[in-house]
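Residue strings, one per chain:
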Amino acid sequence: MYLVKWTLGSVALALGVAVASPASAQSAVAIERSGNTFHKAVCAHGNQLGTARCFAHVVTDARGEEKDGKGGNVSPMATPSGYGPTDLKAAYKITTNGTTTIAIVDAYGYSKAESDLATYRAQYGLPACTTANGCFKKVNQNGVQGSYPRDDTGWAQESALDLDMASAMCPGCKLVLVEATTPSFANLAAAVNTAAGMPGVTVISNSYGGGETGSSTYNSAYTHPGKAITASTGDSGYGVSFPASSPGVIAVGGTHLVRDASARGWGETAWSSGGSGCSTVYAKPSYQTGALCTKRMEADVSAVGDPATGVAVYGPTSRRGSGWLVFGGTSVSAPLIGGIYGVTGHTPTGAASIYANTASLNDVTAGTNGSCGGTYFCTAGVGYDGPTGNGTPNGTGAF
């Protein structure tokens, strides 16, 4: 697989379409390409120091228009494109439904979270998860059911993706959406601490990140023994992202997932834009080895992330509308792995159990996410590597 980045202007020129004037260049949208699939980040690249950006990527056409994988939006109950719960559970051999509570931490508001989630779950025959039946809860970063932040379409799309992936892997789990006021590390850390303090929460999923500089102030929020805290490794290829580099989290990379003729029935390679790398800030945890990286290495584990082999999501298409879309990014991977922790109901301390149970993972041995002199930092191979960690789930044994 390969990645090409475009702007709306460059795509328009390639297609012989009129382009915007220089005065409107600030509105250009970065369009990326994985194989024959166009996609774009729903949270803009280039976030400021001390803030995070979400890592969801929505599949588009060559002009950057969001699509469902079939050329347009589909009616709510039509069969959507992209992998659904049955596909994902089959790929990773997850056979039970779980009973614990998963918290999803994101920034800004998502006023249609409950109704969009209901459409996704109804489409796939998953049990209803509502406020009324006690399955769904939404709170602000202080734990209050009300006084929510303003809606933001990109972050709301991220929240939709996270809720749907947690549902796909753990349909019996309860869900809590914790909305940080802004994507500052300070507010996101406050939201994580709120999630950790909520009764019944055993999993906290985080599909966002930023630079490590100054992040140590917020590291304690991502260290809660007895909670499975997952974090996406990023969407810009080889390079470290916080909170994935925090020793207390399970850092989740991305793969390209396809059906094949193997005994497993599925094959995976490293996604070329998934994150990985060696921290410059955080000490190597006791469960990690490898002499080349003397500090914390990411990822620990991985799951589907390439938009070219994306997942179906029902979520915002604008501030007012919703529809079926196809998503990729390590924003898929983190809540998916979080859902598997939800299935087990275990109370881990960091990623130690993953390193102790590598026989219960699918080793991903091909693909790269950048240039690192051919080392395991950015090159998939037998055993541990940065882009895919120890591999992908093969049942629940490693979790």
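Quick caveat: nothing in here was measured; it's all calculated off a predicted structure.

## Examining the packing of helix α4 (residues 153–169) against helix α6 (residues 330–344)
It is at 7 Å that the axes of α4 and α6 come closest, and there the two elements cross at 35°. The hand of the α4/α6 crossing is right-handed. Note on element contacts: α6 touches α4 through S331, V332, P335, L336, G339, I340 and V343, opposite E158, L161, D162, M165, A166 and M169. Classifying every residue of the contact of α4 with α6 by side-chain character gives nine nonpolar, two polar and two charged.

## Section: the packing of aromatic side chains
Per the counting criterion, the structure on display carries 15 aromatic pairs. Look at Y124 and W324: their rings are 6.1 Å apart centre to centre, the planes differ by 85°, and that puts the pair in the edge-to-face class. Remark: W324 occurs in strand β18 (residues 322–328) and Y124 occurs in the loop between α3 (113–123) and β7 (136–140); sequence separation between them is 200 residues. Among the aromatic residues, ring-to-ring pairing joins F185, Y218, Y222, F242 and Y282 into one connected group. Sitting above the plane of the Y148 ring, K138 keeps its charged end 4.4 Å from the centroid. Above the ring of Y108, the side-chain terminus of R150 is found at 4.6 Å from the ring centroid.

## Section: the side chain of Q288
Mapping Q288 onto the fold places it in the loop between β14 (277–283) and β15 (295–298). Overall, the relative accessible area of 5% leaves Q288 in the buried class. Among the polar contacts listed, one links the side chain of Q288 to the side chain of Y355, at a separation of 2.8 Å. If we ignore the near neighbours within four places in the chain, the residues touching Q288 are K295, R296, M297, D300, Y355 and Y384.

## Focus: the environment of F55
Tracing the sequence through the fold places F55 in the loop between β4 (53–54) and β5 (57–60). Considering only alpha carbons, one finds F55 and G328, 273 residues apart in sequence, at a separation of 8.7 Å.

## Quick word on α4
A rise of 1.5 Å per residue sets the reference length of α4, with its 17 residues, at 24 Å; its end C-alpha atoms lie 25 Å apart and thus fit the reference within 8%. Within α4, 16 of the 17 residues are buried, which leaves it mostly tucked inside the rest of the structure. N-capping of α4 is provided by D152, with a side-chain oxygen placed 3.2 Å from the backbone N of G154.

## Some points on unusual backbone geometry
Each neighbour pair has its own omega, and for F242 with P243 the value is 20°, a cis peptide bond. In this model, E298 is joined to A299 through a cis peptide bond whose omega is 15°. Following the sequence through the fold, A299 ends up in the loop between β15 and β16 (301–304). Here K93, not a glycine, exhibits a phi torsion of approximately 55°, which is positive. Tracing the backbone shows K93 in the loop between α2 (85–92) and β6 (101–107). By relative accessible area, which is 42% here, K93 ends up partly exposed. Located in the positive-phi region is S147, a residue other than glycine, with phi close to 55°. Secondary-structure assignment places S147 in the loop between β7 and α4.

Calculation criteria
- Residues numbered from 1 in each chain as written.
- Predicted model: local features only at pLDDT ≥ 70, side-chain atom pairs only at ≥ 80, totals over all residues.
- Heavy atoms only, no water.
- Axes fitted to C-alpha atoms, helices over the stretch in contact; angles between N-to-C directions.
- Helix = DSSP H or I, 4+ residues; strand = E, 2+ residues; numbered from the N terminus.
- Left-handed = near helix turned anticlockwise from the far one by under 90°.
- Contact = heavy atoms within 4.5 Å.
- Nonpolar A, V, L, I, M, F, W, Y, C, P; charged D, E, K, R; others polar.
- Phe/Tyr/Trp six-rings, centres within 6.5 Å; stacked < 30°, edge-to-face > 60°.
- Lys NZ or Arg CZ within 6 Å of the ring centre and 35° of its normal.
- Buried < 20%, exposed > 50% of the residue type's maximum accessible area, 1.4 Å probe, protein only.
- Polar contact = N/O pair within 3.5 Å; in protein donor to acceptor, adjacent residues only side chain to side chain.
- Expected span 1.5 Å × (residues − 1).

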